Amino acid sequence: MGKLSHLSPQPVWEIFERITRVPRPSKKEGKIIAFLEQFAREHGLPFKKDSAGNIVICRPATGEGAAKPVVVLQSHVDMVCEKNSDVVFDFDNDPIEAYVDGDWVKARGTTLGADDGIGMAAALALLIADEPGLPPIEALFTVDEETGLTGAFNLGRDMITGRYLVNLDSEDEGEIFIGCAGGIDTVARFPYGTEPAGEGYAFFSVNINGLKGGHSGDDIDKGLANSNKLLARLLYAGQREAGIRLSAIDGGNLRNAIPREAHAVVGVPVRLMARFFEVYENFAVDAREEFSHAEPGMDILVSEELQRETFIHPSVQDRLLNALLGVPNGVLAMSSAIPGLVETSTNLASVKQEEQSIVVTTSQRSSVDPARYAAAQSVRSVMELAGARVRHSEGYPGWKPDPDSRLLEVFENTYRKLFGTDAKVRAIHAGLECGLFLEKYPHLEMISIGPTLRGVHSPDERLETGSVQKFWDFLVAGLKALG
């Protein structure tokens, strides 16, 4: 018996636990696609795939459901692969170690993959559920949502026939989402040369650890620290006041995650070591005070490092640190139309040192397209002023809310009848695939729902057990109410 099989609804949890055992990093979804194909064959369900790797599994309706319109249940198959630095884990081969902790399901030191494994599990459970009155269902599973929305971009035009689409990738039970932000990535490349380290330097490792991280859309307004920004601030002060030289730098991993960790190796002139440690200690005190509530686990450490042979050229170091310090990060604007909604934001996602260049990846989001492009241009201008070569990704569109949707009306009424209270109807600052579906299928009416998740895109990801039952009851009842 699995570790989650005692939870309710049992079919959903059993399938979710099976999904956690299948490796499914973005762009490496072959194993989970094979799992879905085998699931369809086991249950005698027709399915089809497109050239991108997206798969649709169909459940024909019988009885009273046969006269109802086709409904698409959509989720993505890939997961964000993040782990704590002290955890040994191979996301290409190892199963996620899920466990129950009180009212939550978590993973041991890694992301859980409930984003969007729980959506997949609910869709698969509905395909085989003994629930009379369900409409015909097309369960659409898309690839590579987390690193570029590749599956949604390349979805075949003949893959779905439904009039309604229910996206199962939301993270707040009791809320119905009817719009989302669009996004674009801005990537800067700093070519660099090196020079011999020479004599008279002591070497130290500078590490930012213990931050919460999180989703660069959903969590951007939580006041969380960005490890790349913190590291840049410390290195900038060390350069100006203690003459440090940069030998290596690395921070963050994923374009859609607020970075939790960052690392650098620096050379400190021996004659200025006392001043360097004074700068470091003052910075550590200030940073902990600044983020005392949002980041109680923050850890800023400087430790001795082995001698390095080279430094990054000083002009590149100076331009890089100025750019990292000066580039905007966080919430840029709040919506004037929807109270409490972040309208525009940007995230300094990762800093990666390659053999001949340092690559800085950022992502911009906005529910207003001109503001999204303006944010991207703002980031670009800072990076180009610092001498970087900059490019933008193709980007993806937002999803414009339709408050008059018949699908929304049915699900609002259903939630009220089930739970005696109104669901919150809102837009989300995170990116969903819905805007891309509308480009290919403009007739679709769409909503997005899900159980309660927290800490997604980080090893703190957790799924509230009780919310899964409510999510399931809501989804089943809403589908039955569609006429």
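See the structure printed just above.
Residues numbered from 1 in each chain as written. Predicted model: local features only at pLDDT ≥ 70, side-chain atom pairs only at ≥ 80, totals over all residues. Heavy atoms only, no water.

With that settled, consider the pairing of strand 6 (residues 137-142). Burial of strand 6 is extensive: six of the six residues sit out of reach of the surface. Residues Ile137, Ala139 and Phe141 point to one face of strand 6 and Glu138, Leu140 and Thr142 to the other, with burial holding for every one of them. Of the strand pairs in this sheet, strand 2 (residues 55-59) and strand 6 are connected by five bridges, and their pairing is antiparallel. Bridging across to strand 6, Val56 finds its partner in Leu140. Examined bridge by bridge, strand 3 (residues 71-76) and strand 6 share six bridges and lie parallel to one another. Within the sheet, the bridge partner assigned to Val72 lies in strand 6 and is Glu138. (Buried < 20%, exposed > 50% of the residue type's maximum accessible area, 1.4 Å probe, protein only. Helix = DSSP H or I, 4+ residues; strand = E, 2+ residues; numbered from the N terminus. Pairing = 2+ DSSP bridges.)

Another point: helix 5 (residues 227-242). With 16 residues, helix 5 should reach 22 Å at 1.5 Å per residue; the first-to-last C-alpha distance of 21 Å fits that figure. With respect to burial, helix 5 is a largely interior element, 12 of its 16 residues being buried. Listed in full, the buried residues belonging to helix 5 are Ser227, Asn228, Lys229, Leu230, Leu231, Ala232, Leu234, Leu235, Ala237, Gly238, Gln239 and Ala242. At the N-terminal boundary of helix 5, the capping side chain belongs to Asn226, with an oxygen 2.9 Å from the backbone nitrogen of Asn228. Positioned one or two residues after helix 5, Gly243 has a phi angle of 65°, which is positive. (Expected span 1.5 Å × (residues − 1). Polar contact = N/O pair within 3.5 Å; in protein donor to acceptor, adjacent residues only side chain to side chain.)

Attention shifts here to the pattern of salt bridges. Enumeration according to the criterion identifies 27 salt bridges in this entry. With a shortest N-O distance of 3.0 Å, Arg454 and Asp172 are connected by a salt bridge. Taken together, the residues Arg454 in strand 24 (residues 453-454) and Asp172 in the loop between strand 7 (164-167) and strand 8 (175-180) connect sequence positions 282 residues apart. By relative accessible area, Arg454 is classed as partly exposed at 33%. In this structure, the salt-bridge partner of Arg189 is Glu354, at a minimum N-O distance of 2.9 Å. (Salt bridge = Lys/Arg side-chain N within 4 Å of Asp/Glu carboxyl O.)

With that settled, consider the sheet that holds strand 4 (residues 98-101). Spatially, four strands are ordered 4-5-25-24 in an open sheet, and the strand pairing comes out antiparallel. In this open sheet, the two strands that pair with only one neighbour each are strand 4 and strand 24. Pairing geometry for strand 24 and strand 25 (residues 462-464), over two bridges, is antiparallel. In the strand pairing of strand 25, Arg454 is matched with Arg462.

The subject of this paragraph is the environment of Gly455. Checked against the element boundaries, Gly455 lands in the loop between strand 24 and strand 25. Sequence separation of Gly455 and Ile33 is 422 residues, and the distance between their C-alpha atoms is 26 Å. What Gly455 contacts, discounting residues up to four positions off in sequence, is Asp460, Glu461 and Arg462. (Contact = heavy atoms within 4.5 Å.)

Here we come to the side chain of Asp116. Its place among the elements puts Asp116 in helix 3 (residues 114-127). Here Asp116 occupies a buried position and makes no salt bridge, while the nearest side chain of opposite charge, Arg24, is found at 7.8 Å. In terms of polar contacts, Asp116 uses its side chain to reach the backbone amide nitrogen of His76, at 3.2 Å. (Lys, Arg positive; Asp, Glu negative; His and termini not counted.)

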